[in-house]
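Each chain is listed here by its residues.
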Amino acid sequence: MYIDSIVGKSATSEAPNERYFMIVYHGSNVIVENPKLIKSTRKLDFGPGFYTTTNKNQAINFAHKVMLRNGSNTEYVSMYEIDLNKISNSLNVYDR
């Protein structure tokens, strides 16, 4: 089962053996098979991190921007399947 967001929905509130996944995308001028968080001094919009989106078109547009900014001739969108059952045990999600 795929869902777009975990906000307001618990990954374990349904049938105990049901699996929940979320697809996220990362746009770049390189393929990123295994994302790594590294210490950076770059000033990014939301601070250091590995930026993803659930909107594939947004990732495609960003890949194009990165290609132009870096003077590259390649643009890629990497897709990741996040197992929400696995991460729900290690994250605290707070309702607002």
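Structure first, text after, so check above.
Keep in mind that this is a model prediction, so the values were computed, not measured. (Residues numbered from 1 in each chain as written. Predicted model: local features only at pLDDT ≥ 70, side-chain atom pairs only at ≥ 80, totals over all residues. Heavy atoms only, no water.)

A. Broad picture of the side chain of Asp83. Checked against the element boundaries, Asp83 lands in strand β2 (residues 76-83). A polar atom in the side chain of Asp83 sits 2.9 Å from the backbone nitrogen of Asn85. Not counting chain neighbours up to four residues away, the residues in contact with Asp83 comprise Arg19, Tyr20 and Phe21. (Helix = DSSP H or I, 4+ residues; strand = E, 2+ residues; numbered from the N terminus. Polar contact = N/O pair within 3.5 Å; in protein donor to acceptor, adjacent residues only side chain to side chain. Contact = heavy atoms within 4.5 Å.)

B. Expanded view of the pairing of strand β1 (residues 21-28). With respect to burial, β1 is a largely interior element, 7 of its 8 residues being buried. In this structure, β1 lies alongside β2, joined through 8 bridges in antiparallel fashion. Residue pairing across strands places Met22 opposite Ile82, the latter belonging to β2. (Buried < 20%, exposed > 50% of the residue type's maximum accessible area, 1.4 Å probe, protein only. Pairing = 2+ DSSP bridges.)

Geometry only, nothing functional implied.
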